[in-house]
Each structure stands twice: as structure tokens, then as C-alpha cells.
Amino acid sequence: MLRTQPQPQPRILIAGGGIAGLTAALSLHAAGFEEITVIEAAREIQPVGAGLNIMPNAVRELDALGLLERLDATAVRTRELRYYHRSGGLISREARGLGAGYRWPQLSVQRGDLQMALADAVRARLGEQSLVPGVRVTAVGQLPGGKPRVELRHRDEGALASLAPDVLIGADGIRSVVRAALVPGEGEPPWNGMLVWRGTSWMDADRAGTFMLIAGDNRQKAVVYPMAEPEGGRVLVNWALALPAEAVADPGDDVRGDWNRPVPVTKFLHHYEGWVFDGVDVAEILRAADGAYEYPMVDREPLARWTHGRTTLIGDAAHAMYPIGSNGATQSIVDARALAHALATCDTTDEGLAAYENDRRPAMSQLQLSNRQLGPEVVINLAHERAPGGFTDINDVIPAEELDAIAARYAATGAFDAAAVNQGSPYDVVRDRVPAA
């Protein structure tokens, strides 16, 4: 029987205007959905934040959305990753992106640049009204049949609103209000006792290195990489450090009470004096920073379900993990594309949400647990355990086959090995295949 009237499209509400939520909006629009609204608790989306590494499997999806050219203009293509022992000994060096045989590059980019590229594309393609800042979710319920009921509050005006979208997507981060409604009583994210500091520094290009480095021992780590091409002989460098809280915090300090807390670099600088790796001096880079932001290293427990009725989770709201292996933003982007594909290609919304979860949740739960075991960075711990005073030749400490196996195993866990990525995006859809509400 032919349809004589166009069927109404599902109304989709996305809670969270970060990387996951904005990519979801663009992906849904590319798949043919039109009734999409993104709400963001912040009053405005601004180009702030430190650096991110986006793996080729996610760059592939951004390319499919037509964003690679814009990102290439501000990002740097990461060509090499090096692991070092804190003594300066080189553990391994790996080609990345195109140099490793991928069809897409790995990108080091400022979080703010990526978020603004996504936000600008959402406004241009879906309309200004599709992205609403200054509005946060305060409560989530479920109506008969699984349809969500969402309570909203405007940050400044205090006005309340109640909506019943056909689909609610929780993209509101590690402290997700949507997740809290679906999993009541979960509490604060579990903490492993480590603190993380992030920041950026402008450096002379010849002092910054041209590679990404991860260095340390079984107690502390440093990650350093340039995230833009040099300008006038200088380059912007991103850095992230990790150290047990007991090494820097006084007893009684509430290190978990204030996320994204500004702290002086002097709080931890002395722990990184003498950390020099093939000309990259970590302490010198830290002294060039204006300041730092401090975070507890936390994640979330893997969930048995992401979807309740027609409410589901993506990104950190679904599977927040330790900042290891460049997988936070990477997997959020893939989540968004996978969800849009499933909703567009299944016959009903309920089937689409189930297909999305079946595709993504098992792999992300495994990745969360792998990151608790340090993922590919475990090579630093192994080197320190076997040669705490350093080494001359890493092959005397960790055989090359063991190093290769660790890297390959982690790539397979996250589905970002070159063979899988180079098959092309599995999430492209034809725009006229959208189920009715």
C-alpha cells in the first residue's frame, strides 16, 4: 500500500553540545533526519580546552561528514608516536596515520577547534535554532511505550520546560544527568588515586619535537605533542601529566571536589625536572605554560545496558574511560555515527537503538577495562619493572615481538587497526531511508 501522506519524522533531543552530541547531530542530519535539537548546559560554545588525538577510524567518520579539510587547516597530522622510559631510553617508535598504512591521518587538534568546527557545521546545516546553549537537563522519565519525558531548566532565566521527544540521546559527559536517571544510585565516578594535569605551551619549533611522546615509569607519566603546524618558528604544544595524588596533595585536600581546577605549574613541575627525550625537555615545556588544569583520573563502570525505552547514551556518558590510547573523543565520534546509521537503517526506532547498542556497547566495555590495565602504555610499566634503572637496548628488556603484540591487541580491541579502518566507513546511509516517528 502506497503512503499518500508524508510520515512525521521522529523528534530527537540530544543532551550535550560536546564532541559526541554535535557529531551525533551532524550524523543524524546526514542520514536524513531533520527534527534534531541539541541542548548544551554552557551559556555558549567557545573554543576552549587542551589537545586531543583523533585516531584514523574517527577521522574517517569526520571526513565522511565533510569536516576533514577544515580540521586539517588547524590540526597537525600525527606521524609518529614514541614511548620512553623516564630515564630517556626509547622503548618503541610507531608510525601513525598515513605513515602506518591508514587511508586517513591521525590528527592532533585543540579540543576547542574541533568543537567549534562541529558547532559551526551544525548551525549551517541544521539551522541556528538546532543548537540551544544555556539549557540543562534536570530530570528524565519514561512515558508509556518507552518515550522519554525530559525536564529542562534555562541556566540564566531559571525557566522550566517539559518535553517528550521521540528519542533522547544522553551525550552529557562523565557526570551525565541522563545516565544518572537511567542508572540511579551509581554515585561519583570511581577514582584510581591518580591526578592528571593538562595544559598547553608555545615553544620554539626546534625545541618541541615533531612526534608524540609518552614517557614515564610505573608511577608517573607524561604525554607531549605539537597540535598545530609551526607559526613564525613557534608551535603550540599540548601536554598531559599523571602522578599519584599522594605525591602532591596534602592530607585532607579535596582533589575530587572541583573538576577542571586551575592550579600553578609549580605544584608538579619539580617532579618532571630532567625528563628529556630526544631533545624534548618536559620541564622546559611546563615552564612555558601559562597555567594548568587539574583533574582526578576517573572512569565509569561498564554498563549492562545503555538504552532504556527510547533513551540511550553515547560518548563519555556511555563509557567514560581513562585517558589512554587516544580513545575518548575518538570513540565518541564513532558512537555518534553508529547511532545515526542504526536509527536510519532499521525499520523502527526501537530496533535502531538496539542495533546501535549491540554494535558499540560490548567493544566499548572491553576498551574501558583494557584502559584500566593501561592499554598500549603498559609497555612503560614493563620496561620499568624489568629495568628500573634504564637500559641501553630495549630488545634486551622487551622483545620486539612482545611490543608488536601489545600494540596489535589494543588496536583490535578498539577496532582501529589499519585493515578494519581502510575498508571505509560502515556508517554511511542513504538519506531517504528514515523511519517514521
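Everything below is about the structure printed above this text.
Being a predicted model, the structure only gives us computed values, none of them experimental.

A. Region of the structure containing the sheet that holds strand β15 (residues 221-226). Strand order across the open sheet formed by eight strands is β6-β5-β14-β15-β16-β13-β20-β17, with mixed pairing between neighbours. Strand pairing shows two members of the sheet lacking a second neighbour, β6 (90-95) and β17 (261-263), which therefore form its edges. The average angle at which neighbouring strand axes cross in this sheet is 20°, direction not considered. Pairing of strand β13 (residues 191-204) with strand β16 (residues 234-244), which is carried by eleven bridges, proceeds in the antiparallel orientation. Along β16, the bridge assignment pairs M203 with V235. Where helix α11 (residues 378-386) meets the sheet, it contacts β5 (80-85), β6, β14 (212-216) and β15, and its direction lies at approximately 30° from that of β5.

B. Just the packing of helix α9 (residues 328-345) against helix α10 (residues 349-372), in detail. Where α9 meets α10, the axes come as close as 7 Å, and the angle between the chain directions of the two elements is 155°. Taken together, the axis directions place α9 and α10 in an arrangement best described as roughly antiparallel. The crossing of α9 and α10 is right-handed. Contact residues: α9 offers Q331, V334, D335, A338, L339, A342 and L343, while α10 offers T349, G352, L353, A355, Y356, D359, R360, M364 and L367. Looking at the contact of α9 with α10, its residues break down into ten nonpolar, three polar and three charged.

C. Focus on the sheet that holds strand β8 (residues 131-133). Reading across the sheet, the five strands line up as β8-β2-β1-β12-β21 and stay open at both edges, with parallel pairing between neighbours. Every other strand in the sheet has two partners, leaving β8 and β21 (311-313) as the edge strands with one partner each. Neighbouring strand axes in the sheet, compared pairwise and without regard to direction, differ in orientation by 20° on average. Sheet analysis places strand β12 (residues 167-170) next to β21, joined by three bridges and oriented parallel. Considered in β21, the bridge of G170 is made with L313. Here helix α1 (residues 19-30) sits on the sheet in contact with β1 (12-15), β2 (36-40), β8 and β12, set at roughly 175° to β2.

D. Focus on the pairing of strand β10 (residues 148-154). Where strand β9 (residues 135-142) meets β10, seven bridges bridge the pair, whose relative direction is antiparallel. Its bridge partner lying in β10, V140 is registered against V150. The hairpin turn running from β9 into β10, its antiparallel successor, is five residues long, and G145 in that turn takes a positive phi close to 90°. Here four bridges tie β10 to strand β11 (residues 160-163), and the two strands are oriented antiparallel to one another. The partner of E151 across the bridge, within β11, is S162.

Conventions and cut-offs
Residues numbered from 1 in each chain as written. Predicted model: local features only at pLDDT ≥ 70, side-chain atom pairs only at ≥ 80, totals over all residues. Heavy atoms only, no water. Pairing = 2+ DSSP bridges. Helix = DSSP H or I, 4+ residues; strand = E, 2+ residues; numbered from the N terminus. Axes fitted to C-alpha atoms, helices over the stretch in contact; angles between N-to-C directions. Contact = heavy atoms within 4.5 Å. Parallel < 35°, antiparallel > 145°, perpendicular 65-115°, else oblique. Left-handed = near helix turned anticlockwise from the far one by under 90°. Nonpolar A, V, L, I, M, F, W, Y, C, P; charged D, E, K, R; others polar.

These figures come from the coordinates and say nothing about function on their own.
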